[in-house]
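# Examining the three-dimensional arrangement
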Amino acid sequence: MLFRSGITVVTATGHVNYGSYSQDSKRQWWPLPNIYYTQQINDRWWLGLGAMARFGLSNDYADESWMSPSASLYHVGVTTFSVQPTVAFKATDRLSVSLGAEVQYLNFTEKINFGLSKVDLDGDSYALSGIASVFYKANEKVNAGISFRMRNEHSVRGPAKYTPADGIAFINGGDFWGDITFPAQLALGVSYRPIEKLLIEANFTNVFWSCFRAVDIYYDHLPRTGASGLLGTHAGNSKHYQDAYRVGVGVEYTLTDAIKLRGSFVFDKSPLNEEFMDVMLPVDDRYIIGTGAGFKLSENTILDLSYNILFATHLDGVAADHTTPVHYSNSTSHLMGLSFRYKF
């Protein structure tokens, strides 16, 4: 039996220009926990259970009216947490296959300042999907694997809370709802051990983000924004994301029986469409440099530490109106991880 538990803490900043408006995103800290448990049933069957955060974003702007006096998005948050039971079967000494189900929880929050009133959205959803993978041991030095994750389709619903300016009439109460789809993924990986102490790994992941066309939010009521009256009961945010990919390479060197050193490099292609840019996530293509170490504390216990720094390229484009210029710059993230592995 193998048990692993850990946490990765992420902090990020960035800058966005939207038309004539400019703002830095607030630095925040997000803890991302993970837990994994594996139990061998017999010589051919294994059971596993994992819990982790696979998707998420959060962005806040200090100035709640930074975009314009009449409509400014100043907070957005998407938090997911998945539970994944898996069964694995060792078909031969070289070939293993596994199947799993994923139950994913989603929390969506958004805050918009309409000038004469503010709206605060907080909704939840659950989605069910699956994963299949194949592992092949070519020889004592080379292993390879492939996995496919299905998309997660969410229908979010929750309260829309309105805060009016003094003396402004508005319609209070009601819910909002909308659909959010997270993409399917196809991942390929290979590892090679040229010498006993050195392990080299490479992987490629294709993420089918083209399913993410828009964030369409529907309201029972929308806040009053002036003499023109209500905005209506629908607010759309076109995305038109494009399929993207992630490619990485990593190395692990066994320094002693108790210490392993690690390093990695990842290029993560952004799915953003330059003709439909917004201020929700001001980040483009990412370069991630990582380092880490594993420490054998006892015969059964291993401590893993990691640090990754992410640099994003600048991006220029236009908003969904195809007129307003948008520019992303100075996006940087830091990821610090700690985990324990214990073998019973």
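### A look at the pairing of strand β7 (residues 95-113)
With 16 bridges connecting them, strand β6 (residues 72-90) and β7 associate as antiparallel partners. Of the residues in β7, the one forming a bridge with Val78 is Phe108. The turn linking β6 back onto β7 is made up of 4 residues. One ladder, built from 19 bridges, connects β7 with strand β8 (residues 117-137); its direction is antiparallel. Of the residues in β8, the one forming a bridge with Gly100 is Ile131.

### Structural notes on the environment of His327
Following the sequence through the fold, His327 ends up in strand β21 (residues 325-343). Between the C-alpha atom of His327 and that of Glu201, which follows or precedes it by 126 residues, the distance is 35 Å. The residues contacting His327, other than those within four sequence positions of it, are His15, Val16, Asn17, Met277, His314, Leu315 and Asp316.

### A short note on the packing of aromatic side chains
Considering all chains together, one arrives at 12 aromatic pairs under this definition. With 5.2 Å between their ring centres and 50 degrees between their planes, Tyr105 and Tyr126 make a pair best called tilted. One end of the pair, Tyr105, is in strand β7; the other, Tyr126, is in strand β8, and 21 residues separate them in sequence. Among the residues examined, Tyr105 registers a relative accessible area of 27% and is labelled partly exposed.

### Remarks on the confidence of the model for the protein chain
Any region with low pLDDT has predicted coordinates that should not be read closely. Counting all residues, the mean pLDDT for the protein chain is 87, and 90% of those residues have values of 70 or more. This stretch, residues 224-232, has a pLDDT under 50; its non-local contacts, to residues over four places away or in other chains, come to 17 contacts.

### Brief notes about unusual backbone geometry
Backbone geometry at His240 places phi at a positive 50 degrees, although glycine is not the residue there. The residue His240 is located in the loop between β15 (234-238) and β16 (244-254) in this model. On the basis of relative accessibility, which here comes to 23%, the residue His240 falls in the partly exposed class. Within the chain, His322 stands out as a residue other than glycine whose phi angle is a positive 60 degrees.

### Examining the nonpolar core
Formed by 35 residues in total, the largest nonpolar core has its most connected members in Phe108, Val119, Leu121, Phe176, Trp209 and Tyr219. Those elements that place two or more of their residues in this core are β1 (2-18), β6, β7, β8, β10 (152-164), β11 (175-182), β14 (214-219) and β21. Residues Val266, Val283, Ile288 and Leu310 belong to the second largest nonpolar core, which totals 5 residues.

### A look at the pattern of salt bridges
Considering all chains together, one arrives at 12 salt bridges under this definition. For the salt bridge of Lys296 with Glu299, the shortest nitrogen-to-oxygen distance reads 3.8 Å. The partly exposed category is assigned to Lys296, whose relative accessible area is 38%. The class for Glu299 is exposed, based on a relative accessible area of 70%. A salt bridge links Asp304 to Arg341; its shortest N-O distance comes to 2.9 Å. Taken together, the residues span a long stretch of sequence, with Asp304 in strand β19 (residues 301-312) and Arg341 in strand β21 at a distance of 37 residues. The exposure class of Arg341 is partly exposed, given its relative accessible area of 26%.

Scoring rules and cut-offs
Residues numbered from 1 in each chain as written. Predicted model: local features only at pLDDT ≥ 70, side-chain atom pairs only at ≥ 80, totals over all residues. Heavy atoms only, no water. Pairing = 2+ DSSP bridges. Helix = DSSP H or I, 4+ residues; strand = E, 2+ residues; numbered from the N terminus. Contact = heavy atoms within 4.5 Å. Phe/Tyr/Trp six-rings, centres within 6.5 Å; stacked < 30°, edge-to-face > 60°. Buried < 20%, exposed > 50% of the residue type's maximum accessible area, 1.4 Å probe, protein only. pLDDT = per-residue confidence, 0-100. Core = buried A, V, L, I, M, F, W, Y, C linked by side-chain atoms within 4.5 Å. Salt bridge = Lys/Arg side-chain N within 4 Å of Asp/Glu carboxyl O.

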